Amino acid sequence: MRKPIALILDYLTVTLLCIVAGIFFFTQYFNSLTLVAGKSIDFSADIIAYGLFETLPLIFLFIAMFVIFYKIRHLSSPVSSLITFSVLMAVTWFCFFPFTLVLKENVYSMLTPLETLENKNELSGGYFRTIDGKIYYFVTDTKDDIADVFKLFDNGRPNSYADRDFIRINSTLSEEVGAYKDPIIKAASPDIPFRIDEIFHTLKQSAAFAWENGLIAWLCFCSIGYALASLYCFIRISSWKLLNFYWVSFFTTFVLWFNFFYFQPEFDFVRTALSKLFYEGGRLSYFTERQIPLPLTCMNLLFAVIMTVIGIVKATSKKRGR
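Residues numbered from 1 in each chain as written. Predicted model: local features only at pLDDT ≥ 70, side-chain atom pairs only at ≥ 80, totals over all residues. Heavy atoms only, no water.

**Some thoughts on the pairing of strand 2 (residues 134-138)**
- In this sheet, strand 2 lies alongside strand 1 (residues 127-131) in antiparallel orientation, the contact comprising 5 bridges. Counted as the bridge partner of Thr 130 is Ile 135 from strand 2.
- Strand direction decides the pairing type here: strand 2 and strand 3 (residues 146-152), joined by 4 bridges, are antiparallel. Note that in strand 3 the partner of Tyr 137 across the bridge is Phe 150. (Pairing = 2+ DSSP bridges. Helix = DSSP H or I, 4+ residues; strand = E, 2+ residues; numbered from the N terminus.)

Right, dumping it as structure tokens:
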């Protein structure tokens with residue numbers, strides 16, 4: 001009885017620590033993108049709330065991996081631990097995850113829109129900035145995307161060292177700095193792996209769309225959870241615990257990456273072929289009308305079944321060996 005309770009406590013502890021870490025990293029990430037030279041960092045309650053609800057779906061995607069890590073180190077009570085793990089994953093995907101999506105929608109309606117917070121700071125005056133290959137000195141803070149500047153070193157007019165001008169910076173600057181607000185901060189910041197952020201954003205969007213699309217759509221989305229939970233079979237796949245950690249990490253990453261890559265343009269030819277296989281002749285129109293990716297659901301379920309069979313075969317062979 002003690003081991004299942006320890007597993008539940010580990011689940012709750014990891015979830016709490018991940019929430020704290022997620023809010024911290026979200027606020028740092030948000031402020032690094034929106035920070036303007038000469039302006040202070042904003043740690044408002046709205047940003048913390050956004051951090052909480054942007055973090056929770058990611059925690060639910062990774063919580064199976066963390067609990068499996070715990071079981072790799074504590075292999076006793078296999079039957080009761082498996083039952084407890086299954087209940088925890090079911091509660092996560094059928095209670096906590098949907099509840100978070102519903103609560104998120106209600107809370108976000110009461111918060112300052114994220115776009116408003118992102119555009120809160122105007123670019124500050126008194127700094128040199130490079131925009132579209134030209135160097136500008138900002139005389140005053142920008143107002144409504146209009147900047148009062150001195151343009152320096154205009155190659156088209158070599159006899160002119162500086163021209164005062166008013167420039168509109170929104171479209172030009174967005175190409176220059178990407179997700180950042182200020183080119184000075186972009187130049188001073190390390191490279192951020194925006195591709196990883198894109199993967200997480202796509203998965204969170206898929207979750208929100210599935211929940212809004214009805215129970216069947218949500219059950220199909222939960223096939224990701226089944227695929228991730230099926231990696232429980234790797235707790236005893238090898239006598240080397242470090243190797244088990246590696247395989248769980250690798251396949252967790254693979255499942256999440258594949259569920260992202262399935263919707264990318266590079267996967268169009270496979271997605272088209274699968275659509276013809278599943279939907280040709282008007283079959284399964286319920287799924288096509290609601291844009292539920294049934295082929296992806298089937299691939300997640302197939303992966304989960306394979307992992308489950310591997311676990312059963314491994315457990316059976318060990319019992320026979322004894």
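**Describing the environment of Ala 147**
- With respect to the secondary-structure elements, Ala 147 resides in strand 3.
- In this structure, the C-alpha to C-alpha distance between Ala 147 and Phe 60, residues 87 residues apart in sequence, is 44 Å.
- When residues no more than four places from it in sequence are discounted, the contact partners of Ala 147 are Phe 138, Thr 142, Asp 165, Phe 166, Ile 167 and Ile 169. (Contact = heavy atoms within 4.5 Å.)

**Details of the packing of aromatic side chains**
- As enumerated under the stated definition, the model contains 31 aromatic pairs in all.
- Their ring planes at 50° and their centres at 5.5 Å tell us that Tyr 262 and Phe 267 sit as a pair that is tilted. Phe 267 matches Tyr 262 in its accessibility class, with the two residues each being buried.
- Ring plane angle 55° and centroid distance 6.4 Å describe the contact between Phe 278 and Tyr 279, whose orientation is recorded as tilted. There is no split in this pair, since Phe 278 and Tyr 279 are both buried.
- Positioned above the aromatic ring of Phe 138 is the side chain of Arg 129, whose terminal nitrogen or guanidinium carbon lies 4.6 Å from the ring centre.
- Of note, Arg 271 hangs over the ring of Tyr 262, and the distance from its end group to the ring centre comes to 5.9 Å. (Phe/Tyr/Trp six-rings, centres within 6.5 Å; stacked < 30°, edge-to-face > 60°. Buried < 20%, exposed > 50% of the residue type's maximum accessible area, 1.4 Å probe, protein only. Lys NZ or Arg CZ within 6 Å of the ring centre and 35° of its normal.)

**A look at the environment of Ala 187**
- Of note, Ala 187 is situated in helix 6 (residues 183-188).
- When its relative accessible area of 69% is taken as the criterion, Ala 187 is described as exposed.
- As for Ala 187 and Met 110, which are separated by 77 residues in sequence, their C-alpha atoms are 35 Å apart.

**Points about the pattern of salt bridges**
- Scanning the model with the defined rule gives 4 salt bridges in all.
- Here Arg 271 makes a salt bridge to Asp 268, at a shortest N to O gap of 2.0 Å. Here Arg 271 and its partner Asp 268 are both found in helix 11 (residues 268-279), 3 residues apart, which amounts to about one turn of the helix.
- Relative accessible area serves as the criterion here: at 34%, Asp 268 is assigned to the partly exposed category.
- Across the salt bridge formed by Glu 289 and Arg 290, the nearest N and O atoms sit 3.7 Å from each other.
- In this structure Glu 289 comes out as exposed when scored by relative accessible area, which is 60%.
- Each of the salt bridges in this network shares a partner with another, and the network as a whole consists of Glu 54, Lys 104 and Lys 204. (Salt bridge = Lys/Arg side-chain N within 4 Å of Asp/Glu carboxyl O.)

**What about the nonpolar core?**
- Formed by 62 residues in total, the largest nonpolar core has its most connected members in Phe 85 and Met 89.
- It is helix 2 (residues 45-73) that contributes the most residues to this core, 14 residues altogether.
- Contact partners of Met 89, with chain neighbours within four places excluded, come to Tyr 11, Ile 63, Ala 64, Val 67 and Ala 229. (Core = buried A, V, L, I, M, F, W, Y, C linked by side-chain atoms within 4.5 Å.)

**Brief notes about the state of the cysteines**
- Per the stated rule, a full pass over the model turns up 0 disulfides.
- Lacking any disulfide linkage, Cys 233 is separated from the closest cysteine sulfur, that of Cys 222, by 20 Å. (Disulfide = S-S within 2.5 Å.)

**Focus: a nonpolar patch on the surface**
- Taken together, the side chains of Trp 240, Leu 243, Tyr 246, Phe 250, Phe 254 and Trp 257 present a nonpolar region at the surface, about 650 Å² in accessible area.
- Inspection of the secondary structure assignment puts Leu 243 in helix 10 (residues 241-261).
- Since its relative accessible area comes to 34%, Leu 243 is described here as partly exposed. (Patch = residues over 30% accessible without salt bridge, like charges linked within 9 Å, V, L, I, M, F, W, Y side chains within 5 Å. Areas by Shrake-Rupley, 256 points an atom, 1.4 Å probe, with all protein chains shown as cover.)

**Here's the deal with unusual backbone geometry**
- Even without being glycine, Leu 284 reaches a positive phi, approximately 55°.
- Positive phi, close to 55°, is recorded for Gln 291, a residue that is not glycine.
- Mapped onto the elements of the fold, Gln 291 is located in the loop between helix 12 (285-289) and helix 13 (294-321).
- Gln 291 sits in the exposed class, given a relative accessible area of 58%.

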